[in-house]
Every structure is written in C-alpha cells, then in structure tokens.
Amino acid sequence: MMKNKIIMTSVIAAIASIALVFGLSQTQNIAADTPQGNSVYVFAEGVNPRMTFLFRDGTEVSDFQAFTQTNALSGGSGIGIQPEFTLVKVPGNTPLLYKATDELLVKGKRGSIEWQHNRFDVTVDLVQAGEPVRSFKYTGCEVTSHRVYTDWDKEEGYTTGGKTGFAVQDEFKLLCQGFSPLNPQLDQMNGVTTEYKTKSTLDLKQENN
C-alpha cells in the first residue's frame, strides 16, 4: 500500500513538472509572438512618434503611442521657459529609460554630480512610412514624473468581457534644458544630408534573431 502511494505521488509530481514546463514554454511563445510597436496601432495618416534616447549607458530607440508638448515653441513668450513634454506607451522595451527614471525619482540625488551626469538627450521623430516628417531635439533632460495606469474606452469595458480593450500604460513627464525644432523634409528639399532615420530597439532585436 505504501509502495502504491509512493508511485502515485511520483506520478503526480512528474505530471505537475511537465505541466509547469509546458506552461512556461507557452508563456514564452506567447510573449515572443505578441505584436509590439506602433505597427500594432492605427494613427491618422500613419504618423506616429518614435523616440531616440541618448543616455550615458547607451542609446535606446523606442516607439511611443502618445507625445505631448507642454512647453516648447510659443513665440516670444517662450523665451526662458524650460521645454517640457509627456510620453505614453505600453510598458516594456525601454530598460535604460526605466533605469534613468528609477535613479532620478527613487534615489532623488538632485543637484549632485551623479545626477547631473544622468541627464540625457532625446530626439523625437514623428514618423510616416518609416521616414520622419517632423522632429524635435531635447537636451539635458530629466524625468520629473512617472506613473503606471490602466486605461480603457468608456463603453463599459468590464461588463462587455473586455472586448473593448484595456491598456496598461507608462506615462513619463520630462523637463529639459534645451530644445531645437528639426525639419527633415525641408532639409531634403534643400539637399541637406542629415541622417534622421533610426531603428527602434525592437527592430534591432528582430534583426539579431
């Protein structure tokens, strides 16, 4: 009887192990197959924001779903005002941005040498069919606010079984020391050979696979 119990316990443990391995494998496959980046979403006339972050630890390029300027071009009244903007995206594919955010917001070493070195530059490209139609360069930036929240449309998302969709989102607010508008289409008309086109971190990962 005891021998049968041991055999039965071993069988159950083996089944549980197989199920666990299968479950992890399925989770990895789902994560690998999940579509990412702005190709997933619908943007008016296909224009979508892509950010290039220049950190002291490296360069990171990522699609964002929302880009909003709060202080930038505003005529003469904008002189002396620090440029500021907000970014929103689905979490992931921005490990260096997360690192900079954590160092600035968690450690809070404002005014220290370490914090000054952790400022970074950002180039915002508004991309259409893989080419920038308008760009902005921000220098000496810092993350002043970060929150994670869930958004959904207002058609009673819970009661419709999630058919209308939910989105977990990262929101970053950045304050910078410098700002320069860029006009890539005009540069092309004038024969300027400035290289604007960049590849996202996601694109580079796919090329390396």
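Residues numbered from 1 in each chain as written. Predicted model: local features only at pLDDT ≥ 70, side-chain atom pairs only at ≥ 80, totals over all residues. Heavy atoms only, no water.

## Describing the overall build of the protein
Piece 1. Of the regular secondary structure elements, the protein holds five helices and eight strands.
Piece 2. Of the contacts formed within the protein by residues at least 6 apart in sequence, a portion of 64% connects residues at least 24 apart.
Piece 3. Accessible area of the protein: about 13200 Å², with a carbon and sulfur share of 57%. (Helix = DSSP H or I, 4+ residues; strand = E, 2+ residues; numbered from the N terminus. Contact = heavy atoms within 4.5 Å. Areas by Shrake-Rupley, 256 points an atom, 1.4 Å probe, with all protein chains shown as cover.)

## Concerning the nonpolar core
Soluble globular proteins: nonpolar side chains tend toward being buried together.
Piece 1. Formed by 21 residues in total, the largest nonpolar core has its most connected members in F53, F67, F120, V122, Y138 and L174.
Piece 2. Every element with two or more residues in this core is listed here: β1 (48-55), β4 (84-89), α2 (95-107), β5 (120-128), β6 (131-152) and β7 (166-175).
Piece 3. Broken down by element, this core gets its largest block of residues, five residues, from β6.
Piece 4. For V122, the contacting residues outside a window of four places in its chain are M51, T52, F53, F85, F136, K137, Y138, C141 and L174. (Core = buried A, V, L, I, M, F, W, Y, C linked by side-chain atoms within 4.5 Å. Buried < 20%, exposed > 50% of the residue type's maximum accessible area, 1.4 Å probe, protein only.)

## A short note on the confidence of the model for the protein
Caution applies to low-pLDDT regions: their predicted coordinates should not be interpreted in detail.
Piece 1. A residue-level look at the protein finds 62% of positions with pLDDT of 70 or above and a mean pLDDT of 76.
Piece 2. Scored below 50 in pLDDT, residues 18-22 shows zero contacts in the model against residues more than four places distant or in partner chains.
Piece 3. With pLDDT under 50 throughout, residues 195-202 is counted as low confidence; its partners more than four residues away or in other chains account for 25 contacts. (pLDDT = per-residue confidence, 0-100.)

## Notes on the state of the cysteines
Piece 1. In the structure shown here, the tally under the stated rule is one disulfide.
Piece 2. Across the disulfide, C141 is cross-linked to C176 (sulfur-sulfur distance 2.1 Å). Handedness here is read from the sign of the S-S torsion; for C141 and C176, about 105°, the answer is right-handed. Placement of the pair is C141 in strand β6 and C176 in the loop between β7 and β8 (178-182), with a sequence separation of 35 residues.
Piece 3. On the basis of relative accessibility, which here comes to 0%, the residue C176 falls in the buried class. (Disulfide = S-S within 2.5 Å.)

## Section: a nonpolar patch on the surface
Piece 1. Taken together, the side chains of V40, Y41 and V90 define a hydrophobic patch exposed on the protein surface, amounting to about 220 Å² of accessible area.
Piece 2. Among the structural elements, V40 can be located in the loop between α1 (2-33) and β1. (Patch = residues over 30% accessible without salt bridge, like charges linked within 9 Å, V, L, I, M, F, W, Y side chains within 5 Å. Salt bridge = Lys/Arg side-chain N within 4 Å of Asp/Glu carboxyl O.)

## Structural notes on the environment of P132
Piece 1. In this fold, P132 is placed in strand β6.
Piece 2. Separated by 51 residues in the primary sequence, P132 and N183 place their C-alpha atoms 8.8 Å from one another.

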